[in-house]
Amino acid sequence: MSLPTNHAGHLEIGGADALTLAADYQTPLVVYDVAQIRQQVRAFQHVFETAHVDGIVSYASKAFASIAMYQVMQQLNAHIDVVSGGELTTAIAAQFPMPHVSFHGNNKSEAELVMALDAHVGTIIVDNFHELALLDHLTTARQQPVDILLRITPGISAHTHEYDQTGQVDSKFGFDLDSNQATAAVAQAMQAPYLNLRGIHAHIGSQIFALEGFIAVTHKLMSLLADWAQTFDFTPEVLNVGGGFGIAYTKDDDPLPPEAFVQAIVEAAKADSTALQMSLPQIWIEPGRAIVGPAGYSLYTIGSRKDVPGLLPYVAVDGGMGDNIRPALYQAKYEAVLASAPQAPATETVHLVGKYCESGDILIDRQPLPTTHPGDIVAVCATGAYGYAMASNYNRNPRPAVVFVENGQAKIVVSRETFADLIHLDQSYL
Ligand code: LLP
């Protein structure tokens, strides 16, 4: 991975020296290069523009949700998707324009749906019959119309980690196609007086490297839209193909640029629109990882070291599985550099481990590094997606601070949790 360095030879993130960031804000620290986030969103939007296609980039905010992140998405005129009352609350606090919010989830509670209706969320992506009935009931009682998409299970498996697959038939998400559940759902939605069915949604999975699945899902959704238009008094307005575009975590990964997936989706949809003699719906994509993953870094301070004769040494940092569960949960691979000398040749290979009381707390199983010393700062790269978002307080460790950096200027966007925060919800039993 070729990383930017400054005149001192230190790792530079968004124009700021990583060592200065670590000194100013302490570690573990999550740092985002905001220009890189903006660049990726614009690159997606550019694909739509150059193809003269009406397209929407809807950031899947589960990858990293915070007020600041939503503000940046708003500046870029991107939409967002939220999957919980908590994400929605954050978007409301960010004063994100509600018409640009989609609400996802396979088990939205009644309270969450009411929240969404109160907030006038733009689109609710309906996942199942329970939700369809509940939303019909709520909107009728309130006499409040709402735009919806139906999420279907496309029956397309993505070649990715098992936990990251969502499109295969045996999945908890969306209406099944084979048993005609999707058609029944359209019929039900068309009869609901306050549900305005605008289109279809599918998401085939995450961290996908191959174009084929996206092309296949686009064809599938376009032909379903055409079927629905024929069978019902329905005008297809939205084709939402989800997210899942894979990124590079290590130098062994060689993904296509994320825009290439969108290009393929646009081409497939255009071809279908001609073949099916159907006007091209607005195309929505929902990337999360591709927008924030590569832009994020986790900075840690090295502490203890254990040498085992004949085996690789263990080098421990002041964070670990509490701020990045992905290696333990998905066997996810990352790469780290010494922030003071990212280009320095490696002199040894180490197990880079965390501080959590668990043997599986290994951030990087085999990391070549120059000789390190306690107090050195290491940066784990490409941790921006599903890192902080999935952080926990395991072992009662506070979650790190998050800093946004742009043009060399750093700003805290999520404060470091304190020990006081950790006991804040505890109640005495005496
Ligand atoms: N749209 C829907 C409906 C989704 O469920 C997801 C991700 C996305 C979009 C965004 O996918 P992305 O572009 O970020 O790949 N925690 C896992 C990833 C779970 C993804 C869940 N859904 C991980 O760390 O790999």
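Computed from a prediction, not measured in an experiment: that's the story for all the values here.

Draft legend 1. Local environment of the UniProt feature "binding site: pyridoxal 5'-phosphate" (unreviewed entry) in the protein. Mapped onto this structure's residue numbering, the UniProt feature "binding site: pyridoxal 5'-phosphate" (unreviewed entry) falls at Gly244, Glu286, Pro287, Gly288, Arg289 and Tyr386. Tracing the sequence through the fold places glycine 244 in the loop between β11 (238-240) and α9 (258-275). When neighbours within four sequence positions are excluded, glycine 244 is seen to be in contact with Ala158, His203, Ile204, Gly205, Ser206 and Ile208. Accessibility expressed as a C-beta count within 10 Å gives 27 for proline 287, which makes it buried.

Draft legend 2. Main features of the UniProt feature "binding site: substrate" (unreviewed entry) in the protein. What UniProt calls "binding site: substrate" (unreviewed entry) maps, in this numbering, to Arg289, Arg326, Tyr330, Glu358 and Tyr386. Separation in sequence by 98 residues is matched in space for these annotated residues, since their most distant C-alpha atoms are 27.0 Å apart. Here arginine 326 lies in helix α11 (residues 326-330). Assessed through the 19 C-beta atoms surrounding it within 10 Å, arginine 326 is described here as partly exposed. In contact with arginine 326, not counting residues within four places along its chain, are Ala332, Tyr386 and Gly387. Relative to the assigned elements, glutamate 358 resides in the loop between β16 (348-353) and β17 (362-369).

Draft legend 3. Summary view of the site of the ligand. Around the ligand lies a shell of 21 residues, among which Ala60, Ser206, Gly243, Gly288 and Tyr386 are the nearest. At the level of secondary structure, the elements contributing two or more residues to the shell around the ligand comprise α10 (289-292) and α11. Its residues placed into classes, the shell around the ligand shows 8 nonpolar, 9 polar and 4 charged. Structurally, the shell around the ligand is a two-domain feature, drawing no fewer than three residues from each of domain 1 (12-32 + 295-423) and domain 2 (51-292).

Conventions adopted
Residues numbered from 1 in each chain as written. Predicted model: local features only at pLDDT ≥ 70, side-chain atom pairs only at ≥ 80, totals over all residues. UniProt positions renumbered as here; feature names shortened; annotations may be inferred. Helix = DSSP H or I, 4+ residues; strand = E, 2+ residues; numbered from the N terminus. Contact = placed C-beta atoms within 7 Å. Buried ≥ 20, exposed ≤ 12 C-beta atoms within 10 Å, placed from the backbone. Near = placed C-beta within 6 Å. Nonpolar A, V, L, I, M, F, W, Y, C, P; charged D, E, K, R; others polar. Domains from an automatic or database assignment.

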